[in-house]
Each structure stands twice: as structure tokens, then as C-alpha cells.
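# Chains, contacts and geometry: an overview
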Amino acid sequence: VIIGHVADGYINSGIFQNNIVQLNTIYNIIYSFHMPLFFIISGYLAYTSYYKNYNQKKSNIIRQICNLVWLYLFFSIVQWIFKFLVGNIVNNKVSINDLINIFFIPMTPYWYIYDLIFFYIIEMIINKLKINNKTIFFILLVLLIGMGVLNFQTRIYNFIKFYIFFKIGFVIDKIDINKFIYLVMFLFGIIGVTIFVLNGIIISKEKFVDILIAILISIPIVKCFQFSKRINYFKIFKKIGLYSTEIYLIHCYFTFLNRVVLLKIGINDFSINFMLNCLISIFISMLISYSLKKIRLSDYIFNPVKKYIKCKSNLKNI
């Protein structure tokens, strides 16, 4: 996600125009699968943490939804204030209308949390009505194909598309095929990406094709990590993963600041500048999160709802 945002920021700001081919290539590759992969993982974690034992964890789900609403509103408002104050040097200036409309039009990059809130609510309704996953997938695919053919409301189309990937996360453990097939899927996905990149076609804008390529790449990646649970090489991802929420919420300020500061201090080499921007954005976000935890402010910012909404199971024990 951060690599994609760094590339997107450089493209929109006109920085490193001599390297525009490399930037477009990075953007095209990352955006071909990164959000579908993100939503598959989100769906997997939502299912295993909450919906697998829905009746016992209903109060936890409500707490999680409330927390997501808080995160979305708080960080959207903070970002609006930030962009409003430094409007002359950001890629996308904001107005009062942008602030008023955050309930209907999510601000970048927090549209992910905005959609996730609705996904959690929809899943509660599905559990209440006891609709099985096959029926849901069928309805979603019919809606997606219909809207794609009619080119109807891109925002709703993307919402349904990402909800399908979120639902794939619910059933990812049940997908049990030969490991060789996952490898073949991944190779076909890479071949597809290569063909589109070489022809300068933005994959994420190709309806239906974007879904196919995202599935071919994302599912094997998730399965690779599931197969490799005991491999020590992945410990670094586990460490970073502890701060994934904070990295996602905070990094956008530093991808922007790094874009300005790194050039001002003379780091003009594209590769070094790009890599430093990504790494600094990740690790400063982690450092801020670590510091907030040390001074016991982290929960008030990133998880305040747990202090006020108690689980039913805990109440029963009392």
C-alpha cells in the first residue's frame, strides 16, 4: 500500500518525470492486486476474530465497528486539517465541502476503513438472516457483472468488487487445492500483469480483467504465508504487522513530507529517494505508535472504544 501511495504521489506531483516509465510500472503492478489482497486479509481476520463464532462475539463486532467509525472520522478530519493548512503544496487541495461530505464521500486513503465499516455491518445482517456464502457470492457477481457491463456508478462497482474479496477472506481456509495449482495461478497472474504493463495499460482500470488478475495473484500470496507459518524469514512481517493499523493511518503524512524534504536535502537519485520514502514512512509510523504505547496514549487514539464498550461475556462473568 505504501509503495503504491509513494508512486502515485510522485506521478501526480510531477516529480521524477525522467523516471515516469518506472513510476507508472510500479503503480500498475502494485494497484493490480494490493487492495484485493488487503481486503482478503481483512476478511480472513474478521472471520477468524469475530464471525466464526458470531453469537458469542456479537458485542465484540459492535465494538470493532464503533472503533472503525472513530478511526475513520478522527483521521479523516485530521487529514483534512493538514491538507487545508498546507494546501499550496499538496497534490489534492481540500475545501469545506470535502469535510462535510466525509460521511458520503470518503477521503483518500481512508476509504478502506469507510468500506470496511459497511462490510462488517453487512456481515451482521447476513448472519442475522442466515444467508449462506454461495448465495452471497452469486448475488455479488450478478450485481458486479451487471454494473460493469452498464458502466454504472464506479464507486458502487468498486464497493461490490472489494466486498467480494473481503468475502473470499471468509472462505480462504476452505480453498484446498494442490500447491502446484497455486503456483500456476500466480505465474498466470504475473504473465497477465507483464503483458498489460508492457503495453502501458492500467490494469486496475480494466473491468473484470482487474478482478481476474487480482485473484490469480492474491490467493497464492495468502496461501504462501499460510503454508510458511513456521519459516523464520517471515518474523519481520510479524513484527511490522503488530503496527499495521498505525502504519496505514499515519504513513500518508510522511510519504508527502518525504517527497518534499528528500529532494530539498539533495537526494535526487530516483531509486534511493523512492526507497527511503517508503522505509521512512513505515518506520516513523511504527516509532510514533511505539512511543504512544509507552506513554499510554495509543488506545485513546487507535482503539478508544474498548474502554467504554464491555463484552457481554465479561459482563456475564461479573
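What counts, and where the lines are drawn
- Residues numbered from 1 in each chain as written.
- Predicted model: local features only at pLDDT ≥ 70, side-chain atom pairs only at ≥ 80, totals over all residues.
- Heavy atoms only, no water.
- Salt bridge = Lys/Arg side-chain N within 4 Å of Asp/Glu carboxyl O.
- Helix = DSSP H or I, 4+ residues; strand = E, 2+ residues; numbered from the N terminus.
- Buried < 20%, exposed > 50% of the residue type's maximum accessible area, 1.4 Å probe, protein only.
- Patch = residues over 30% accessible without salt bridge, like charges linked within 9 Å, V, L, I, M, F, W, Y side chains within 5 Å.
- Areas by Shrake-Rupley, 256 points an atom, 1.4 Å probe, with all protein chains shown as cover.
- Disulfide = S-S within 2.5 Å.
- Contact = heavy atoms within 4.5 Å.
- Axes fitted to C-alpha atoms, helices over the stretch in contact; angles between N-to-C directions.
- Parallel < 35°, antiparallel > 145°, perpendicular 65-115°, else oblique.
- pLDDT = per-residue confidence, 0-100.
- Phe/Tyr/Trp six-rings, centres within 6.5 Å; stacked < 30°, edge-to-face > 60°.
- Lys NZ or Arg CZ within 6 Å of the ring centre and 35° of its normal.
- Expected span 1.5 Å × (residues − 1).
- Arc of directions from axis to C-beta.
- Polar contact = N/O pair within 3.5 Å; in protein donor to acceptor, adjacent residues only side chain to side chain.
- Core = buried A, V, L, I, M, F, W, Y, C linked by side-chain atoms within 4.5 Å.
- Left-handed = near helix turned anticlockwise from the far one by under 90°.
- Nonpolar A, V, L, I, M, F, W, Y, C, P; charged D, E, K, R; others polar.

Tallied over the entire structure, the rule returns three salt bridges. Note that R155 and D115 form a salt bridge whose closest N and O atoms lie 2.6 Å from each other. One end of the pair, R155, is in helix 8 (residues 154-171); the other, D115, is in helix 6 (residues 111-129), and 40 residues separate them in sequence. Overall, R155 belongs to the partly exposed group, its relative accessible area being 35%. Between K161 and D210 there is a salt bridge, with its nearest N and O atoms 2.9 Å apart. Highlighted residues: K161 in helix 8 and D210 in helix 10 (residues 209-227), separated in sequence by 49 residues. As far as burial versus exposure is concerned, K161 and D210 are alike and both buried.

Residues L141, I145, V149, L150, F152, I156 and F208 make up a contiguous nonpolar surface patch of roughly 660 Å² in combined accessible area. At four residues, the largest contribution of residues to the nonpolar patch is made by helix 7 (residues 133-150). Following the sequence through the fold, L141 ends up in helix 7.

Before going further, it helps to examine the state of the cysteines. In the structure shown here, the tally under the stated rule is zero disulfides. Note on C252: no disulfide assigned, nearest cysteine sulfur contributed by C278 at a separation of 14 Å. Under the relative-accessibility criterion, C252 is labelled buried at 13%.

The topology assignment puts S289 in helix 13 (residues 270-294). What S289 contacts, discounting residues up to four positions off in sequence, is Y243 and E246.

As a further point, take the packing of helix 4 (residues 54-85) against helix 12 (residues 244-264). Running from N to C, helix 4 and helix 12 point in directions that differ by 5 degrees, and their axes come no closer than 12 Å. Between helix 4 and helix 12, the crossing angle belongs to the class labelled roughly parallel. Residues L71, F75, V78, Q79 and F82 of helix 4 lie in contact with helix 12, whose contacting residues are T245, L249, C252, Y253 and F256.

With that settled, consider the confidence of the model for the protein. Confidence in the prediction of the protein, expressed as mean pLDDT, is 88, and 92% of residues score 70 or more. Low pLDDT, under 50, characterises residues 311-318; the stretch is placed with five contacts to residues that sit more than four places away or in other chains.

Summed over all chains, the structure comprises 35 aromatic pairs. Measuring from ring centre to ring centre gives 6.0 Å for Y10 and F274, while their planes differ by 65 degrees; the resulting arrangement is edge-to-face. Of the two residues, Y10 sits in helix 1 (residues 2-13) while F274 sits in helix 13, which places them 264 residues apart along the sequence. Residues Y10 and F274 agree in their burial class; the two are buried. When the ring centre of F170 is taken as origin, the NZ or CZ atom of K167, which lies over that ring, is 4.7 Å away. Cation over ring: K207 sits above Y157, and NZ or CZ is 5.0 Å from the ring centre.

Turning our eyes to something else, we now look at the side chain of D115. On the basis of relative accessibility, which here comes to 0%, the residue D115 falls in the buried class. Excluding anything up to four places from it in sequence, D115 contacts F39, R155 and F159.

Moving on, we come to helix 9 (residues 179-198). Here helix 9 contains 20 residues, and its C-alpha end-to-end distance of 29 Å stays within 8% of the 28 Å for a straight helix at 1.5 Å per residue. Taken together, the buried positions of helix 9 are occupied by Y182, M185, G189, G192, V193, F196 and V197. Projected onto a plane normal to the axis of helix 9, the buried residues spread over an arc of 130 degrees and lie on a single side. Of the residues in helix 9, the exposed ones pointing more than 90 degrees away from the buried face are F180, F188 and L198. Structurally, helix 9 contributes buried residues whose contacts are with helix 2 (20-31) and helix 10. Where helix 9 begins, one side-chain oxygen reaches toward the backbone nitrogen of F180, 2.7 Å away; that side chain belongs to N178.

If you look at the biggest cluster of nonpolar residues, it comprises 67 residues, and the most contacted ones within it are Y51, I113 and Y120. Counting only elements with at least two residues in this core, the list comes to helix 3 (34-49), helix 4, helix 6, helix 7, helix 8, helix 9, helix 10 and helix 12. In terms of residue count, the dominant contributor to this core is helix 8 (11 residues). With sequence-adjacent residues up to four places away left out, Y120 is seen in contact with A46, Y50, Y51, I61, Q64, I65, L68 and F166.

Turning our eyes to something else, we now look at the packing of helix 9 against helix 10. Look at helix 9 against helix 10: their axes get within 8 Å of each other, and the N-to-C directions meet at 140 degrees. In terms of their interaxial angle, helix 9 and helix 10 are classed as oblique. Relative to helix 10, helix 9 is oriented so that their crossing is left-handed. Residues K179, Y182, M185, F186, F188, G189, I190, G192, V193 and F196 of helix 9 touch helix 10, and the partners they reach there are V209, I213, I215, L216, I217, I219, P220, I221, K223 and F227. In terms of residue class, the contact of helix 9 with helix 10 is made up of 16 nonpolar, two polar and two charged.

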